[in-house]
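# A structural walkthrough
Below are the chains, spelled out letter by letter.
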Amino acid sequence: MDPNDKQKILSFVNHLLSIPNIKSEPPVIREGMILSFITKNLNQIKETLASPDFFPKMKPADALKVVLQVLKQKIVNEVITEVEEWLNERVAFRLVQKIFLNQQISADHYKSMLLEFMHDLISFNDARYNFNSVINIFKYQVLERYISEIFERRGYIFNEISRVEKTNLGVLEYIEYSKLVFLIKNIVYMRIPVTTTYGERSININEIKKFSVPMEKLLNKQEQLVKKTLPFITQKVFMTAVKSNIKKEITKLEEASSRLYYILASRYQEFKYQKTDRGAETQDKSWYNIARRNHSFYGFDKNMVNELYLIAGDNLW
Amino acid sequence: MKRKQFWENFILIAIALVIVQTFISELAIFLHWNIFLRNTLLLISLFFDLTFTIEFVVRSINAGRQKKLISYWIYNRGWVDFIAAVPLLLLNSGPLVFLLILKGTTVSIAAVGILNLLKVVKAIRVTRVLRLIRVMKIFGRIRNADSKMAQHHTSAVSTISVSIILLVIIVFSFTAGDPVERSFKARKAYYVDFTARVLDLKGYDKESRKDMAGQIFSGDKRIVKLFYEDESIFSRLTEEKWAAAYSDEDYIEVREGGFTLFVSIVDINRNRALNNMLIFIIIIALVVGLMFIYTRHFVQTISDVLFILNRGFRENGYFLQIKIHKEYSDHEIFRLAAFYNDKFLPAKAKRMHRNKMKMKSPLSMKDLFKFKNR
């Protein structure tokens, strides 16, 4: 490719990412918006890219392909830099070692294995678009704040986690455990080659209905894939991560953590900090109030949302 | 535009100054400052009344030109501008300054006119309380809240409260009589009666009565000067001090049986000034209280709620719920807020969730085309 075109494509991608209407959105959301816009206006965009003001020397399909590649690379780099920062500063591997007592893995080894895995995970589009919740949860220290409160209150959620699910973890260990789950929860969006009635297809959880693939079949393959990079991940951790992407109805009674993570992930996927207007409730309290009214529609555990609503209200979150 | 801004600022400063001037005028009477200072304050008062009358006339003409005269008079408090200027100029500072000029120049020619004018001015003395409505002029311009609705309601409540206080004072004064005027009359009657009793003493000749009156009246500190026919019997002040400290407003003359008593009414004026200062402070405190306490209350219980409702109804991505004060939860507005929080927002969220895919993209082809212009 002509180096001039390469440079021009880079500045075109930068232009797309800095369009005023989407500029304030988080990177992964911006990327999602751009992709959905391109998908909806594909023909018109191809024509535009072929015009003299854009990339007349390239075939439109090729130009678009490169644009999407550059866009993806830019976002992946941004996200990975952030993940690396969390792994260095936000995850206490000393406590992770306590969670997986029978594994003889050093903190650095945990870190490098996770980073490698995250790199693979983030390169999948759906995994990346759904990663905004994780970014926000780390950014706003949601787990630290909410889990500490949950353990302090010893209410419904605590009871479900410690007595029904029997996690047997202290508050600090549970926070680190939750972080690990959040880091890998988008595994369900990794595309895995599976034999379907239409032949061999790379699919993720979004497409199991389309290709009539049983969920267990896909999950088994995904679990094997995770174990290759993250051998310390137990089946319990894996299943908690997987089920934190699905509605309450599909979880088992003892999968309280998944139900909690599903609520938190839903809350923070589209979270955008905004100043609370005078006379209004805080963002979290407002969101949980809607969530508890619509709990069956969203598939949330009603009692959990109620408790999170109270926590947000009491702490002015 | 710049000239208009200059005049607006000038009027704003004038309003601030007139509030101070109004208070100082009363203070001058209370502390019985000398005539020069009081006359200076009177002239300043005329200047302000004239300025505000001109302001009112100009605003009315401008509003009339834009066919907004009624709107200015009724909704933009033109009537406050009117009351705070025109009656004061015509009934208070104007006649008083006119009187001052006449006295200083053609006393003898205008003596009869002065007396008539003085009577009229005294009869409508109470109109000076209208100055206090100027408080509304200045506070009406201060924007304490972002909400136009809160500003409007606070200012309506303050204007009504202040106007009613002043109206009651004026009506009371015209119907039940001005208590200050009554005090003047009572004092005059007392001294007429007292002098008559002194004169009624039998067995005393003219000289003895003069001596006797001198002795009796000199013990009364309210009597500043005493004359028998044109002869001064006693005076507590030198002529210079008398001229500097006592104006027509500060004494009453009692003539009886050849005696002329100059009785001080400074104490009565002082009480009146004290009352006026009290009313002034009450009005300021009332307006400030309404402005800060009531506005805050109004904003918290009405306009903030409406602000959030408005955003929630209009903006797709707005999901903040309204804070409901438990103690007001039975108020209509908070019942509406509860409905908004518990029914409308969840329904809106559900609808948005369902229509997510159908939602219009924030991007457009125009955004793409802008690239070529870079």
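For every chain, the first residue of the written sequence is number 1, and numbering continues from 1 onward in sequence order. Written order determines the labels here, with chains lettered from A and ligands numbered from 1. pLDDT decides what is reported in this predicted model: residues at 70 or higher carry local features, side-chain atom pairs at 80 or more are listed and counted, and totals for whole chains, interfaces and linings draw on all residues regardless. Only hydrogens and water are set aside when side-chain values are computed; all heavy atoms of the structure are taken into account.

## A closer look at the domain arrangement of chain B
We count it as follows: Domain delimitation in this document rests on an assignment produced automatically or drawn from a domain database.
Taken domain by domain, chain B consists of domain 1 (2-177 + 270-294), domain 2 (183-264) and domain 3 (315-359). On a C-alpha basis, the centroid separation for the pair domain 2 of chain B and domain 3 of chain B is 81 Å.

## Let's talk about the pairing of strand S2 (residues 199-203) of chain A
Residues and elements named next belong to chain A. The condition that has to hold: Only strands that DSSP links by at least two bridges are regarded as paired with each other. In DSSP terms, a helix is any run of H or I states spanning at least four residues, a strand is any run of E spanning at least two, and both are numbered starting from the N terminus.
In the sheet, strand S1 (residues 192-196) pairs with S2 via 5 bridges, with the strands oriented antiparallel. The partner of Pro193 across the bridge, within S2, is Ser202. Counted between consecutive antiparallel strands, the loop separating S1 from S2 contains 2 residues.

## Structural notes on the packing of helix H9 (residues 132-139) of chain A against helix H15 (residues 256-269) of chain A
Residue and element names in this part refer to chain A. Heads up, the rule is: Interaxial angle, 0 to 180 degrees, is taken between N-to-C directions of lines fitted to C-alpha atoms, where a helix line uses only the stretch in contact. Each angle is binned into one of four classes, with values under 35 degrees roughly parallel, values over 145 roughly antiparallel, values of 65 to 115 roughly perpendicular, and all other values oblique. Contacts are assigned to residue pairs that have any heavy atoms within 4.5 Å of one another. Gly falls in the polar group here, along with every residue not listed as nonpolar (Ala, Val, Leu, Ile, Met, Phe, Trp, Tyr, Cys, Pro) or charged (Asp, Glu, Lys, Arg).
In contact at an axis separation of 8 Å, H9 and H15 are set at 95 degrees when each is read in the N-to-C sense. As the angle between them shows, H9 and H15 are arranged roughly perpendicular. Of the residues in H15, those touching H9 at Asn132, Ser133, Asn136 and Ile137 are Leu264, Ala265, Tyr268 and Gln269. In terms of residue class, the contact of H9 with H15 is built from 4 nonpolar, 4 polar and no charged.

## Topic: the environment of A:Val171
The residue A:Val171 is located in helix H12 (residues 171-184) in this model. If near-sequence neighbours (up to four positions away) are discounted, A:Val171 is found in contact with A:Ile147, A:Ser148 and A:Phe151.

## Considerations on helix H2 (residues 35-65) of chain B
Since the α-helix packs 3.6 residues into each turn, any two residues three or four apart lie on the same face. Residues and elements named next belong to chain B. Using the following cut-off: A helix is expected to reach a length of 1.5 Å times the quantity of its residues less one. Two N or O atoms count as a polar contact when they lie within 3.5 Å, although within protein this holds only if one can serve as hydrogen donor and the other as acceptor, and sequence-adjacent residues are included solely when both atoms are side-chain atoms.
Helix length check: H2, at 31 residues, gives a terminal C-alpha distance of 44 Å against a target of 45 Å (1.5 Å per residue), a fit within 8%. The residue sitting at the N-terminus of H2 and contributing the capping side-chain oxygen is Asn34; that oxygen lies 3.1 Å from the backbone nitrogen of Phe36. Remark: Lys67 follows H2 within two positions and exhibits a positive phi of approximately 55 degrees.

## Some thoughts on the packing of aromatic side chains
Definition in use: Working definition: rings of Phe, Tyr and Trp (its six-membered ring) pair if their centres are within 6.5 Å, and the pair is stacked with planes under 30 degrees apart, edge-to-face with planes over 60 apart, and tilted otherwise. Type-normalised accessible area, obtained with a 1.4 Å probe on protein chains alone, sets the label of each residue: buried when under 20%, exposed when over 50%, and partly exposed for intermediate values.
Under the defined criterion, the tally for this structure stands at 45 aromatic pairs over all chains. Summarising the aromatic geometry, the rings of A:Phe54 and A:Phe55 are spaced 6.4 Å apart at their centres and angled 65 degrees between planes, so their arrangement reads as edge-to-face. You can call A:Phe54 buried: its relative accessible area is 1%. With relative accessibility at 0%, the residue A:Phe55 sits in the buried group. Seen in terms of ring centroids, B:Phe56 and B:Trp73 are 5.3 Å apart; in terms of plane orientation they differ by 75 degrees. Their pairing is edge-to-face. Of this pair, B:Phe56 sits in helix H2 while B:Trp73 sits in helix H3 (residues 69-75), and the two are 17 residues apart along the sequence. Overall, B:Phe56 belongs to the buried group, its relative accessible area being 7%.

## Here we look at unusual backbone geometry
With phi around 55 degrees, A:Lys166 is a residue other than glycine that occupies positive phi space. If you trace the backbone, A:Lys166 turns up in the loop between helix H11 (156-164) and H12. Within the chain, B:Glu229 stands out as a residue other than glycine whose phi angle is a positive 50 degrees. In this structure, B:Glu229 sits in the loop between strand S1 (223-228) and strand S2 (231-235). The exposure class assigned to B:Glu229 is partly exposed, which follows from its relative accessible area of 46%.

## Regarding the nonpolar core
This is how it is decided: Put simply, buried Ala, Val, Leu, Ile, Met, Phe, Trp, Tyr and Cys residues joined by side-chain atoms within 4.5 Å make one nonpolar core.
In this structure, A:Phe232, A:Leu260 and A:Tyr288 are the most contacted members of the largest nonpolar core, which totals 125 residues. If you tally residues by element for this core, the top one is helix H5 (residues 60-89) of chain A, at 12 residues. Dropping the residues within four chain positions of it, A:Leu260 is found in contact with A:Ile150, A:Ile157, A:Ile161, A:Tyr174, A:Met304 and A:Leu308. The next biggest cluster of nonpolar side chains, apart from the first, holds 18 residues, and it includes B:Val180, B:Ala213, B:Val254 and B:Ile268.

## Some words on H15(A)
With 14 residues, H15(A) should reach 20 Å at 1.5 Å per residue; the first-to-last C-alpha distance of 20 Å fits that figure. Along H15(A), 13 of the 14 residues are buried, which leaves the element largely enclosed by surrounding structure.

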